[in-house]
Amino acid sequence: MVQHEKYMQRCIELAELGIGYVSPNPMVGAVVVSGDKIIGEGYHHKYGEAHAEVNAINQVISKFPNADELLKQSTIYVSLEPCAHYGKTPPCADLIIKHQIPKAVIGCRDPFSRVDGKGIDKLKDAGVDVTLGVLEQECQWLNRRFFTRVQKHRPYIILKWAQTSDGFFAPDDKTQHWITGTESRKLVHQWRSEEDAVLVGKNTAAVDNPQLNVRYAQGKSPKRVVIDRRLELNLSLNVFDQSVETLIFNEIKTNIEGKNKYIALEDFERYVPQYILFQLYLQDIQSVIIEGGAHTLNSFIEADLWDEARIFTGEKELMKGIKAPAVSGKTIGEFSPGNDKLMIVIRG
């Protein structure tokens, strides 16, 4: 089992390389092992392209003249159950069977209804020796965004905010006030590159005029989501600059103007977080970072619609102002980017 865990850990490391590029697919890594040596490895690089198993097996074929014989004596490790259906690519379970790989070690089952046990059953029916559940919790955590979308029919929700050392979110006079340092801001940009969308309320868009992009990090900028009930925001703001797709939730109009998509909600008095998340789910948005303001963050907290909170605490004090949101959950990490403190909390 220790050997299994070693190779599954490598699958997880490989899978993580696809973050920000494979959604709405899951992140998956695979390694092919022969004689206690990795002879091929791969991961899912980009949505619509080859899956991890394909890339791992192809690497074996390209590296070894006797690949056919090697594969027939190998074990393939995969962080997520191989698919059993035709989607953008053919079934990976069929590929494993085709190359007569005798053993498969799988991290966790795929909850997607067109897979969910069917890939495992297909392998077993073909005589493949299947081991399931190696580093299962780690593999499930890796794909928490995908699992949330499939099982809860909504995106995975990350709350992010910065607060002063005395617990304030912002001044109460609607002026911009930087709480955290450069290191924290760079980290936030990296996070944005890993998620499908970033969401802010009207006041944050108006006061901070954020670009909500990844200019301090590598990767692609997320889609932007803005809540502007009465369409009061000035169209000269950065969020409307047409650089990326921007969804504007409001009560007035539904229309597409370039990359700006206006989506009218039927009811802006009740269930606004629920309506917004359902619309994002319909558009294959698998994860969203909610970056403010305090009212917007609190509306999702009060609706119990959050999965993870990333809370920065700066050194400064405000003495008065808008109180920072508060969540109750399990702290899974505490870090110190620069002079700031960062706490990661998941819903208990």
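Residues numbered from 1 in each chain as written. Predicted model: local features only at pLDDT ≥ 70, side-chain atom pairs only at ≥ 80, totals over all residues. Heavy atoms only, no water.

(A) Fine view of the overall build of the chain. When helices and strands are tallied, the chain shows eleven helices and 17 strands. For 348 residues, the compact-globule estimate of 2.2 N^0.38 gives 20 Å, and the chain sits close to it at 23 Å. C-alpha atoms of the chain, sized along the principal axes, occupy 70 × 45 × 35 Å. Buried residues in the chain amount to 52% of all 348 residues. For the chain, the proportion of contacts with a sequence separation of at least 24, taken over those separated by at least 6, is 68%. (Helix = DSSP H or I, 4+ residues; strand = E, 2+ residues; numbered from the N terminus. Rg over C-alpha atoms; globule rule 2.2 N^0.38 Å. Buried < 20%, exposed > 50% of the residue type's maximum accessible area, 1.4 Å probe, protein only. Contact = heavy atoms within 4.5 Å.)

(B) How the structure looks around the side chain of Arg154. Along the chain, Arg154 falls in the loop between α7 (144-152) and β6 (156-163). Its relative accessible area of 7% is what places Arg154 among the buried residues. For Arg154, the residues in contact, after removing those within four places along its chain, are Thr148, Arg149, Leu277, Tyr281, Leu305, Trp306, Asp307 and Arg347.

(C) Geometry of empty space enclosed by the protein. Using the criterion set out here, one finds one cavity of 30 Å³ or more in the structure. In this model, the largest cavity occupies a volume close to 120 Å³. In this structure, the largest cavity is lined by 17 residues; those nearest its centre are Val22, Ser23, Met27, Arg145 and Gln286. In terms of residue class, the lining of the largest cavity is built from seven nonpolar, seven polar and three charged. (1 Å grid on protein atoms, 1.4 Å probe; cavity = no way out; pocket = protein on both sides within 12 Å on 5 of 7 lines; lining within 4 Å. Points joined across faces, edges and corners; volume = space filled by probe spheres on them. Nonpolar A, V, L, I, M, F, W, Y, C, P; charged D, E, K, R; others polar.)

(D) Representation of the pattern of salt bridges. Considering all chains together, one arrives at 21 salt bridges under this definition. The shortest N-O distance in the salt bridge between Asp307 and Arg154 comes to 2.8 Å. Taken together, the residues span a long stretch of sequence, with Asp307 in the loop between α11 (294-302) and β14 (308-313) and Arg154 in the loop between α7 and β6 at a distance of 153 residues. (Salt bridge = Lys/Arg side-chain N within 4 Å of Asp/Glu carboxyl O.)

(E) Structural view of the packing of aromatic side chains. Applying the stated criterion across every chain yields a total of four aromatic pairs. With centroids separated by 5.1 Å and ring planes inclined at 50 degrees, the aromatic side chains of Tyr7 and Tyr77 adopt a geometry described as tilted. Residue Tyr7 is located in helix α1 (residues 2-15), and its partner Tyr77 is located in strand β3 (residues 75-80); the two are separated by 70 residues in the primary sequence. Both residues of the pair, Tyr7 and Tyr77, count as buried. Sitting above the plane of the Tyr262 ring, Lys253 keeps its charged end 4.1 Å from the centroid. A cation sits over an aromatic face here: Arg310 above Trp191, 4.6 Å from the ring centre. (Phe/Tyr/Trp six-rings, centres within 6.5 Å; stacked < 30°, edge-to-face > 60°. Lys NZ or Arg CZ within 6 Å of the ring centre and 35° of its normal.)

(F) View of helix α10 (residues 272-282). Listed in full, the buried residues belonging to α10 are Val272, Pro273, Ile276, Leu277, Leu280 and Tyr281. The buried side chains of α10 occupy one side of the element, clustering within an arc of 165 degrees when seen end-on. Asp284 lies just past α10 and shows a positive phi near 60 degrees. (Arc of directions from axis to C-beta.)

(G) Summary view of the sheet that holds strand β10 (residues 246-250). Judged by pairing direction, the sheet is mixed, and its ten strands sit side by side in the order β11-β12-β10-β9-β8-β13-β6-β14-β17-β16 without closing on themselves. The outermost strands of the open sheet, each flanked by one partner alone, are β11 (255-257) and β16 (329-335). On average, each strand axis in the sheet is inclined to that of its neighbour by 20 degrees, with strand direction left out of account. Here β6 runs beside β14; their pairing, made up of six bridges, is parallel. Bridged to Trp161 within β14 is Ile311. Strands in contact with α10 are β6, β8 (197-201), β9 (223-227), β10, β12 (260-264) and β13 (287-290); relative to β10, the strand with the most contacts, it is inclined by about 145 degrees. (Pairing = 2+ DSSP bridges. Axes fitted to C-alpha atoms, helices over the stretch in contact; angles between N-to-C directions.)

(H) Examining the sheet that holds strand β4 (residues 103-108) more closely. Reading across the sheet, the five strands line up as β2-β1-β3-β4-β5 and stay open at both edges, with mixed pairing between neighbours. Every other strand in the sheet has two partners, leaving β2 (37-43) and β5 (129-132) as the edge strands with one partner each. The mean inter-strand angle of the sheet, taken between neighbouring strand axes irrespective of direction, is 15 degrees. Strands in contact with α1 are β1 (29-34), β2, β3, β4 and β5; relative to β1, the strand with the most contacts, it is inclined by about 145 degrees. Of the strands in this sheet, β1, β2 and β3 touch helix α2 (residues 52-63), which is tilted by about 135 degrees from β2.

(I) Fine view of the nonpolar core. Grouped together as the largest cluster of nonpolar side chains are 45 residues, with contacts concentrated most on Met8, Val31, Val32, Ile57, Ile76, Tyr77 and Leu123. The leading source of residues in this core is α1, at six residues. Beyond its immediate sequence surroundings of up to four residues, Leu123 is in contact with Pro82, Ala93, Ile96, Ile97, Ala104, Ile106, Val128 and Val130. Listed in part, the 31 residues of the second largest apolar core include Leu199, Phe249, Ile285 and Leu297. (Core = buried A, V, L, I, M, F, W, Y, C linked by side-chain atoms within 4.5 Å.)

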